[in-house]
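# Fold and contact review
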Amino acid sequence: MAGIYIHIPFCKQACHYCDFHFSTNLNTKSDLIDAILKEIELQRNYLEGEIIETIYFGGGTPSLLSHKELTSILNLIHKNYSTDSSPEITLEANPDDLSVSKLRELKSAGINRLSIGIQSFNDDILRYFNRAHNAEMASSAIQEAQSLGFQNISIDLIFGAPDQSVEDLKIDLHQTLKYKTQHISIYGLTIEEDTVFGKWEKQNKLTPLNEEIAAAHLEVIMATLAQDGYTQYEISNFCLPGYESKHNSSYWHGKKYLGLGPAAHSYNGKERQFNVAHNIKYIKQLQSNILPASVEKLSAEDHINEAILTKIRLIDGLNYVELKEKLNYDLLALRKNEIAQFTNLEMLVIVGDFLRLTPKGKLLADFITEKLII
Ligand code: SF4
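Nothing here was measured: the structure is a model prediction, and the numbers come from that model.

## Thoughts on a negative patch on the surface
There is a patch of like negative charges on the surface, built from Glu211, Glu212, Asp366 and Glu370. Within the secondary structure, Glu212 is located in helix H8 (residues 211-227). Among the residues examined, Glu212 registers a relative accessible area of 70% and is labelled exposed.

## Section: the domain arrangement of the chain
Segmenting the chain into domains produces domain 1 (2-251) and domain 2 (300-372). Using only C-alpha atoms to locate each centre, domain 1 and domain 2 end up separated by 28 Å. Counting residues at the interface gives 10 residues for domain 1 and 8 residues for domain 2. Of the roughly 850 Å² buried at the junction of domain 1 and domain 2 (both faces included), carbon and sulfur atoms supply 65%. On the surface where domain 1 and domain 2 come into contact, there are 1 salt bridge. Two residues, Glu234 and Arg313, come together in a salt bridge whose shortest N-O distance is 2.6 Å.

## A word on the site of the ligand
In the vicinity of the ligand, the contacting residues are Cys11, Gln13, Cys15, Tyr17, Cys18, Phe22, Gly60, Thr61, Asn94 and Arg131. Looking at the shell around the ligand residue by residue, the classes come out as 5 nonpolar, 4 polar and 1 charged.

## What to know about the packing of helix H11 (residues 300-311) against helix H12 (residues 320-327)
Put simply, H11 and H12 touch, their axes get as near as 11 Å, and they point 165° apart. Judged on the interaxial angle alone, H12 and H11 are roughly antiparallel. By crossing handedness, the relation of H11 to H12 is classed as right-handed. In this structure, H11 contributes His303, Ile304, Ala307, Ile308 and Lys311 to the contact, and H12 contributes Glu322, Leu323 and Leu327. Classifying every residue of the contact of H11 with H12 gives 5 nonpolar, 1 polar and 2 charged.

What counts as what
- Within each chain, residue numbers correspond to sequence positions counted from 1 in written order.
- Local features in a predicted model are, by the rule used here, given only for residues with pLDDT of at least 70; side-chain atom pairs are given and counted only at 80 or more, and totals for whole chains, interfaces and linings are based on all residues.
- Side-chain measures were taken over the full set of non-hydrogen atoms in the model, leaving aside hydrogen atoms and water.
- Patch members must show over 30% relative accessible area and no salt bridge, and they are joined within 9 Å when carrying like charges or within 5 Å when they are nonpolar side chains of Val, Leu, Ile, Met, Phe, Trp or Tyr.
- Residue-level accessible areas treat just the shown protein chains as cover; the underlying method is Shrake-Rupley with a 1.4 Å probe.
- Basic side-chain nitrogens of Lys or Arg form a salt bridge, by our definition, when they fall within 4 Å of a carboxyl oxygen of Asp or Glu.
- Only four residue types enter the tally: Lys and Arg on the positive side, Asp and Glu on the negative side, with His and both chain ends excluded.
- In plain terms, the charge of a residue is placed at NZ if it is Lys, CZ if Arg, CG if Asp and CD if Glu.
- Counting from the N terminus, the helices are DSSP H or I runs at least four residues long and the strands are E runs at least two residues long.
- Relative accessibility decides the category of a residue: with a 1.4 Å probe and only protein chains considered, values under 20% of the type maximum give buried, values over 50% give exposed, and everything between is partly exposed.
- For the domains described, the bounds stem from an automatic or database domain assignment.
- For this analysis, residues touch if any pair of their heavy atoms sits within 4.5 Å.
- Here the quantity called buried area is the total loss of accessible area, with a 1.4 Å probe, experienced by two parts when brought into contact, counted for both.
- A cutoff of 4 Å decides nearness: a residue is near a molecule or strand if any of its heavy atoms lies inside that distance of it.
- Throughout, the ten residues Ala, Val, Leu, Ile, Met, Phe, Trp, Tyr, Cys and Pro are labelled nonpolar, Asp, Glu, Lys and Arg are labelled charged, and all others, Gly among them, are labelled polar.
- Fitting a line to C-alpha atoms yields each axis, with helices limited to the stretch in contact; the angle taken between N-to-C directions then spans 0 to 180 degrees.
- Should an angle lie under 35 degrees it is considered roughly parallel, over 145 roughly antiparallel, and from 65 to 115 roughly perpendicular; all remaining angles are considered oblique.
- Note on convention: near helix rotated counterclockwise from far helix by under a right angle means a left-handed crossing. Clockwise means right-handed.

What follows is the structure, encoded as structure tokens:
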């Protein structure tokens, strides 16, 4: 089983925190879709005939695709790859795109999972982030999607805006839980260098939330969502029973995937492939029937670090027995002191074959992971 990711590198406007690959110039959209269609055909053997069980439109802003563009991509995938009889098909959408007619189009194109970029229900925070929507648009997008019968909706939230208090966060969570969406992803705000926030930080116009307050935020998030029946199946991802993102879970469990579109990457179990992160170069190369990708062979060390970095974040934790058997890395022996230190602090626990973060450990997950990798 494998997945396909399609990167749609266009946005209406740039959010101040975002360092994903996207352009606000939509003039090349039609050429770029043609290039993606070409890439779908050229890459048809990449996954060696594995059944595709998930398709994921990410970005950028995939909700900018027209119905025709979306169906042409999906039809060509179905024609060139063996797809599961009912694949999970996710599309990331921004609330300002989700009119009733747009939602109907998405449904009729076969999108069965919507991931809506809400980020916050607080208008001050949304303005500060330079989002294109406000809180009212966010609420109505979720409600319309629900009333039109989307039964698998995820919403994205960001916590840790510089002036966000724990009280503000609680209000955001309260609003979120009104809709009882099947899935919630919550990420802490990170300040990336090549963004407006990165520039503001350098100019001392922005001070990131300190780590202690960010950890307090995460603690509130975990307690509140657990109380409402959500399982934290990955540090940043929460769901109602049975609604884990199949697509993202397949990354974390090391399954193969094919990434299409500029800046997308792929993994075939041995090596990783990176598409050029430049819309025009991507289009031109595909117009000449050249795959716009470079290949990176993963070293044994890369495989070990990747397994540690992703799996320690999961609900079951990291299977250290499997790590030893498959990658010949005896984590318990080689990181004996670090593991003892964190288990004494009740941040890590060993349960059967798994090394697992405790709720306390989740608050310091990055720090702990740093001590475990090679
Ligand atoms: S956060 Fe989403 S909508 Fe905003 S610039 Fe980044 S990709 Fe575009």
